[in-house]
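Close look at the chain arrangement
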2 protein chains.
Amino acid sequence: MSKLLAVGTVAFDAIETPFGKTDKILGGSGTFVSLAASQFGIKTGVVSVVGGDFPQAYLDMMNAKGIDTQGVEIIKEGKTFFWSGKYHNDMNSRDTLITELNVLEHFKPVVPEDFKDASVVMLGNLHPLTQASVLDQMTEKPKLVVLDTMGFWMDIALNDLHDVIKRIDVITINDEEARQLSGEYSLVNAAKKIHEMGPKYVVIKKGEHGALLFHEEKIFFAPALPLAEVFDPTGAGDTFAGGFCGFLAMTEDISFENMKNAVIYGSNLASFCVEKFGTERMEKLTKEEVQKRLHAFKQLTQFDIEIN
Amino acid sequence: MSKLLAVGTVAFDAIETPFGKTDKILGGSGTFVSLAASQFGIKTGVVSVVGGDFPQAYLDMMNAKGIDTQGVEIIKEGKTFFWSGKYHNDMNSRDTLITELNVLEHFKPVVPEDFKDASVVMLGNLHPLTQASVLDQMTEKPKLVVLDTMGFWMDIALNDLHDVIKRIDVITINDEEARQLSGEYSLVNAAKKIHEMGPKYVVIKKGEHGALLFHEEKIFFAPALPLAEVFDPTGAGDTFAGGFCGFLAMTEDISFENMKNAVIYGSNLASFCVEKFGTERMEKLTKEEVQKRLHAFKQLTQFDIEIN
């Protein structure tokens, strides 16, 4: 069975949207990535760190989904990473209210023996040196390494970021970050510059405006499913990445044609994530719901023009 | 042969973008719509008004493309409608520098006898009463009436707008205008409200983020082709509408499935329009280029997931 290793945060989020607000609930990139990947019947392991305040019930829930959490270090005397944010009315922008790094501040990921030969590695948004340290621990070269990052690391650790992205296959990045990293406004030109930095595949996430996959001269586009209501966008990007990686791990086919399908799967799962607060929707998602919505994606995008 | 009647402005534009600026060049919604429609080998007539300052060479160019301009009234002592605008660096927003209505101020469209039985009517962005007066002149009920409008008419003539959109089949509108007209932020909900106002089909144009087609519970999405450089967005929306209408007039099939193709054709033509200033690219566009880019649209959007 294919193995997927997901490195990222397992955390508390407190979220406010025009639809309501939450207390501290389960969040974090490692959480969303692994929950999405758990849809694919592969062996998914998550590497992260939490404090003594982190409920065992959350880990139990992840284990029940087949997610291996032995790589989640628990620092009894520490506190779990906490993020709080408030979304604006358009749901496309948000203000961060609180960021408490806590145990994340000195996070040194340790890859469990069992996942040192994972075929797909998803490096969630962390310091580039932390991301690199995960690759250093792999005993076999993964078939595919996917990396997520953000503007913050471009500001404070650009050289380290350049070093690690030389070692990866796919970068997932949002449109503004792609512009920042490349210095190009046009996303086509931005992807070209980022290709030259190393990654053979560039995925540019545009939130409600979908996602673009670039490879050499080829481009594929997956829309976000138009929804009557986006309830909470938190975790949508990580869910997208988890669906993308999980599908590729399951199919063991990293061709561009199959990556198109992976992008659709990622968009599909993300469309569920935003329907409820935090991980609520993803925890209860069934395979039947996923399949049904794939039909909606086909209806949304497929056409049949005769071309001469 | 199918007939398409396009009512709109035939005008002068002066455009400034980060790539350069123009003197007064050919522009106007009627111009862009009919140039796009002329790709389809149908009989296209344009109804508009110009002043004595309007060069015969522009009309000759349109005639050479098979566009019937007998409906373009020439007011010898008047001046042609003139718009001047400057695009910001992101090309998504622009400032209007000059608007001189001139002969447009008292424009009373007169539909030529030959087009009173047109099967497709495209009502370009004009006062809703002007748009309605065109429908009043049709001797046969058109198979399809498509209407474009803008926020300005919602501000100053909302009741008239509501009256005319009860009489049409398809409304094309941009995302901000759809929100203004419906009072709904979500485009899915906006389309639902606009359906209730009359049009069975709602096309929401999102510029570089593509276009959505809504019909009952169905949604189709066409992306804009990602381009390395958008040189001048002027006329892209009208070119989209002209491609949409022209394709439907040519195929004489107004089913939802065929409208998907029409949306793709519209997006395809719009992707050329933005490559040069004004009408320059559309004037020289060949059928071979159009067909080739349709392949690019297929590559961009089509995938092949097996769904259970």
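This is a predicted model, so every value here is computed, not measured. (Residues numbered from 1 in each chain as written. Chains lettered and ligands numbered in written order. Predicted model: local features only at pLDDT ≥ 70, side-chain atom pairs only at ≥ 80, totals over all residues. Heavy atoms only, no water.)

**Concerning the relation of the copies chain B and chain A**
- Expressed as a screw operation, the relation of chain B to chain A combines 0.0 Å of axial shift with a rotation of 180 degrees, fitting to an RMSD of 0.0 Å. Given the turn and translation reported, the copies of this chain are related as if by a two-fold rotation axis.
- In this assembly, 100% of the residues forming the interface of chain B have copies in chain A that are likewise at the interface, indicating an isologous arrangement. (Least-squares fit on C-alpha atoms with pLDDT ≥ 70 in both. Contact = heavy atoms within 4.5 Å.)

**Examining the interface of chain B and chain A**
- Between chain B and chain A, the contact holds 36 residues from the first and 36 residues from the second.
- Counting each side, the surface lost to burial between chain B and chain A is near 3600 Å², with a carbon and sulfur contribution of 57%.
- Contact with chain A buries area across many residues of chain B, yet F303(B), I305(B) and I307(B) alone supply 19% of it, more than any other trio.
- Our count for the chain B to chain A interface comes out at zero salt bridges.
- Linking chain B with chain A are 16 residue pairs in polar contact (both at pLDDT 80 or more), by the criterion used here.
- Secondary-structure elements contributing two or more residues to the side of chain B that touches chain A are α7 (187-196), β14 (218-222), α9 (256-273) and α11 (287-301) of chain B.
- No other element matches the eight residues that α11(B) contributes to the side of chain B that touches chain A. (Buried area = accessible area lost by both parts, 1.4 Å probe. Salt bridge = Lys/Arg side-chain N within 4 Å of Asp/Glu carboxyl O. Polar contact = N/O pair within 3.5 Å; in protein donor to acceptor, adjacent residues only side chain to side chain. Helix = DSSP H or I, 4+ residues; strand = E, 2+ residues; numbered from the N terminus.)

**A short note on the packing of helix α1 (residues 29-37) of chain B against helix α8 (residues 236-251) of chain B**
All names here are of chain B.
- Taken N-terminus to C-terminus, the directions of α1 and α8 make an angle of 40 degrees; their axes are 7 Å apart at the nearest point. Comparing their axes, α8 and α1 come out oblique. Read as a crossing pair, α1 and α8 show a hand that is right-handed. Within the contact between the two elements, α1 uses S29, F32, V33, A36 and A37 and α8 uses D238, T239, G242, G243 and G246. (Axes fitted to C-alpha atoms, helices over the stretch in contact; angles between N-to-C directions. Parallel < 35°, antiparallel > 145°, perpendicular 65-115°, else oblique. Left-handed = near helix turned anticlockwise from the far one by under 90°.)

**Overview of the pairing of strand β8 (residues 82-87) of chain A**
Residue and element names in this part refer to chain A.
- With five of six residues buried, β8 lies mostly within the body of the structure.
- Bridge count for strand β2 (residues 11-17) against β8 is five bridges, and the pairing is parallel. The partner of A14 across the bridge, within β8, is S84.
- In this sheet, strand β9 (residues 94-100) lies alongside β8 in antiparallel orientation, the contact comprising six bridges. Each residue of the ladder has a partner; that of G85, found in β9, is T96. (Buried < 20%, exposed > 50% of the residue type's maximum accessible area, 1.4 Å probe, protein only. Pairing = 2+ DSSP bridges.)

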